[in-house]
Amino acid sequence: MEMSRIKLEGRDAYPAKTEGGISDVFSDKPFILAKARWVGDEEVSVCIGCDNKFNQLRRKHHCRQCGRVLCAKCCKEKVPLPHLGLEEPERVCDLCLPISELITKARSKITAFQIEAANGISKGVQEPETIIQMVELGGLQTLIYLTRVNSSDQVKRSCASGLHTLATHQPLLPVLAEAGAIKALCSILTNVLESQERLIVDGLSALMLFCKNSSLKTRAIHDGALQPVLQLCGMSSSSAIALLAVQTLNLITEDAKSHQAIIESNHNALGKLLALTVSPDEQMQEGSLKTLAKLSMGTEWHRHKIIQEDFTSGKMILRALKNRPKNIQVLCNVLCLVGNLATCEQDQASLMEYMDCVCRLMVEFKARNELVLHAARAIANFAKCQQNAYRLGQHTADVVAICMKSNVPEVHYHGLRAVFSLLKHSTAITTMDLMKQLIGRQTQCLTAIRFLSVTSLQSKPRPLTIQ
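Numbers given to residues run from 1 along each chain, matching the order in which its sequence is written. Confidence filtering applies because this is a predicted model: local features only for residues at pLDDT of at least 70, side-chain atom pairs given and counted only at 80 or more, and all residues used for totals across whole chains, interfaces and linings. Processing note: side-chain calculations cover all non-hydrogen atoms of the structure and skip hydrogens and water entirely.

Trainee: Could you give an account of the pairing of strand β5 (residues 77-81), with specific residues and numbers?
Mentor: Pairing geometry for β5 and strand β6 (residues 86-92), over four bridges, is antiparallel. Residue pairing for β6: E77 is matched across the bridge by V92. If DSSP finds at least two bridges between two strands, the strands pair. Helical segments are the DSSP runs of H or I of at least four residues, strand segments are the runs of E of at least two, and each set is numbered from the N terminus.

Next comes the structure, spelled out in structure tokens:
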């Protein structure tokens, strides 16, 4: 079977492949690897183990593990190779022997042997000198297989550590995913105890690496990444792990296909995320609000569910709007979220207080363009609904002074959007306010409004999210 070549540690590597065309080894059924190419006797004249030339006394022998040719001294040991379908002891060279013995022990029914195998392979993939051989001889598949057949804490710790190390090598990610590594990691994390912090960090960090890969994100969701991540988002004993889980969830939500599963999750995902928006840790606030902002980009029903859950949870988003964190990105994220929720027509009555907070934030932080931009967009979205016209009308002067007079094109644009909607719903009052604020600029303002009236602004604004 032809092996695919990748680069590891700056060298060529040919990851082991399974026979039968099924790469996924996360199964109760032991896998069988494709045998290495059998090097012909005529191709070699020197033993690769000791560099001595072959002659009539120094005969040639093949290693059944790697298929290469060595002398009797360098290829004298015999061990079973069940992963190659060879149950009887076969000749294995000194170069392959340490790894072959570990992979063979992984097939044993004796737990101590499986623990030894998991520990040995995990340490081997951490060493630049041995990682390539581990990958080529089947160490990668063995770690995945062990997570399925052995549930002991020692095996899970070693397998999670080894898979995390392997996942840090970008070229190996597709190989790992095909072999069932994501399923293995999800299995470990789903049944983990909160006290097993090192295990959780290794497993979650590895899972995050798969979710960062744009071509593997959908695969990660399909293989079950969502359930353990949601479970760990609410981890109370370690804020660091909860933050790591939220960051991983944020990567998952970049795939819109995950939104419905999160919102409808049996793990109360929305409730956990909303609770984290008022966490003492500002990184946690930033991450959870960013995730909610992405979730609010979906359907109107998604936004309705977020608003409902927020109301049930004690208006966490409103509390986040009222906080004054040192990290300004927290406020940008919550304003972006509210801007998306503001497009939900059926919940405008529930969002009145949120709208007032947004207006106050815009005035308070009028010197911060990045924050004003999100506030202006939210106000423009609220202004689309007629029932908000009276309350927003009280802030027309601020919208004009801060947004319409802004030198930032995007802020100016959303200011015009807001004013256009207010003119539509409350023409007389809004016109008077405009005249007061734009003396000498009435022509410019009215020209812009006429232009906006024939553009796509009349259609419903689309939710956006933080980039």
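Trainee: Kindly report on the packing of helix α2 (residues 111-125) against helix α4 (residues 139-149), identifying the contributing residues and their values.
Mentor: Where α2 meets α4, the closest approach of the two axes is 10 Å, and the angle between their N-to-C directions is 140°. Classified by the angle their axes make, α2 and α4 are oblique. The handedness of the crossing between α2 and α4 comes out as left-handed. Along its contact with α2, which presents Q114, A117, A118, I121 and S122, the element α4 presents G139, T142, L143, L146 and V149. Each residue gets one label: Ala, Val, Leu, Ile, Met, Phe, Trp, Tyr, Cys and Pro are nonpolar, Asp, Glu, Lys and Arg are charged, and the others, such as Gly, are polar. A per-class count over the contact of α2 with α4 returns six nonpolar, four polar and no charged. Each axis is a line fitted through C-alpha atoms, and for a helix only the stretch in contact is used; angles between axes span 0 to 180 degrees, taken between their N-to-C directions. By the definition adopted for this analysis, an angle is roughly parallel if under 35 degrees, roughly antiparallel if over 145, roughly perpendicular if from 65 to 115, and oblique otherwise. Crossing handedness is read from the near helix: turned anticlockwise from the far helix by less than a right angle, it gives a left-handed crossing, and turned clockwise, a right-handed one. Contacts: residue pairs with any heavy atoms within 4.5 Å of one another.

Trainee: Residues and numbers for the environment of C50, please.
Mentor: Mapped onto the elements, C50 comes out in the loop between β2 (11-13) and β3 (61-62). Between the C-alpha atom of C50 and that of Q348, which follows or precedes it by 298 residues, the distance is 80 Å. Dropping the residues within four chain positions of it, C50 is found in contact with C71 and C74.

Trainee: Which residues make up unusual backbone geometry, and what values do they have?
Mentor: At E9, a position not held by glycine, the phi torsion is positive, near 50°. Among the structural elements, E9 can be located in the loop between β1 (6-8) and β2. Partly exposed residues are those whose accessible area sits between 20% and 50% of the maximum for their type, while under 20% is buried and over 50% is exposed, using a 1.4 Å probe and protein chains only. For E9, a relative accessible area of 41% gives the class partly exposed. The phi torsion at K315 lies on the positive side, around 55°, for a residue other than glycine. Within the secondary structure layout, K315 lies in the loop between α15 (300-313) and α16 (316-322).

Trainee: Quick rundown of the pattern of salt bridges? Include the residues and the values.
Mentor: Within this document, salt bridges are pairs made up of a side-chain nitrogen of Lys or Arg and a carboxyl oxygen of Asp or Glu, the two lying within 4 Å of each other. By the definition in use, this model includes 17 salt bridges. A salt bridge links R64 to E90; the nearest nitrogen and oxygen atoms lie 3.8 Å apart. Taken together, the residues R64 in the loop between β3 and β4 (69-70) and E90 in strand β6 connect sequence positions 26 residues apart. Relative accessible area serves as the criterion here: at 31%, R64 is assigned to the partly exposed category. Classification of E90 as partly exposed rests on a relative accessible area of 21%. A salt bridge links R368 to E370; its shortest N-O distance comes to 3.0 Å. Owing to a relative accessible area of 35%, R368 belongs among the partly exposed residues under this scheme. Exposure remark for E370: the relative accessible area of 34% places this residue in the partly exposed category. Through salt bridges with shared partners, one network takes in R5, K7 and D12.

Trainee: Hey, could you go over the environment of S45 for me, with residue numbers and the actual values?
Mentor: Within the secondary structure, S45 is located in the loop between β2 and β3. When residues no more than four places from it in sequence are discounted, the contact partners of S45 are N52, K53 and F54.

Trainee: Lay out the UniProt feature "domain: FYVE-type" (unreviewed entry) in the chain in plain terms, naming residues and giving numbers.
Mentor: In the numbering adopted here, UniProt assigns the feature "domain: FYVE-type" (unreviewed entry) to residues 41-101. Secondary structure within residues 41-101 divides into 8% helix and 26% strand; the distance between the first and last C-alpha atoms comes to 26 Å. UniProt positions are given in the numbering used here, feature names are shortened, and annotations may be inferred rather than shown by experiment.

Trainee: Run through the packing of aromatic side chains, naming residues and quoting values.
Mentor: Pairing of aromatic rings covers Phe, Tyr and Trp, the last counted by its six-membered ring, and requires centre-to-centre distances within 6.5 Å; plane angles under 30 degrees mean stacked, over 60 mean edge-to-face, and any other angle means tilted. Evaluated as defined, the whole model comprises one aromatic pair. On the numbers, 5.8 Å between centres and 85° between planes, the contact of F31 with Y145 is edge-to-face. Here F31, found in the loop between β2 and β3, pairs with Y145, found in helix α4; they are 114 residues apart in sequence, far enough to count as distant. Overall, the relative accessible area of 7% leaves Y145 in the buried class. Two thresholds decide whether a charge sits over a ring: the Lys NZ or Arg CZ must be within 6 Å of the ring centre and within 35 degrees of the ring normal. Just above the ring of F31 sits the side chain of R107; from NZ or CZ to the centre is 4.4 Å. Above the ring of F26, the side-chain terminus of R148 is found at 4.9 Å from the ring centroid.

Trainee: Please give an account of the side chain of Q65 that cites residues and values.
Mentor: Mapped onto the fold, Q65 is located in the loop between β3 and β4. In protein, a polar contact requires one atom able to donate a hydrogen and another able to accept it; more generally it is a pair of N or O atoms within 3.5 Å, and residues adjacent in sequence count only if both atoms are side-chain atoms. There is a polar contact of 3.0 Å between the side chain of Q65 and the side chain of H83. Sequence-distant contacts of Q65, that is, excluding residues within four places in its chain, are made with A36, L81, H83, L84, V92, C96, S100 and L137.

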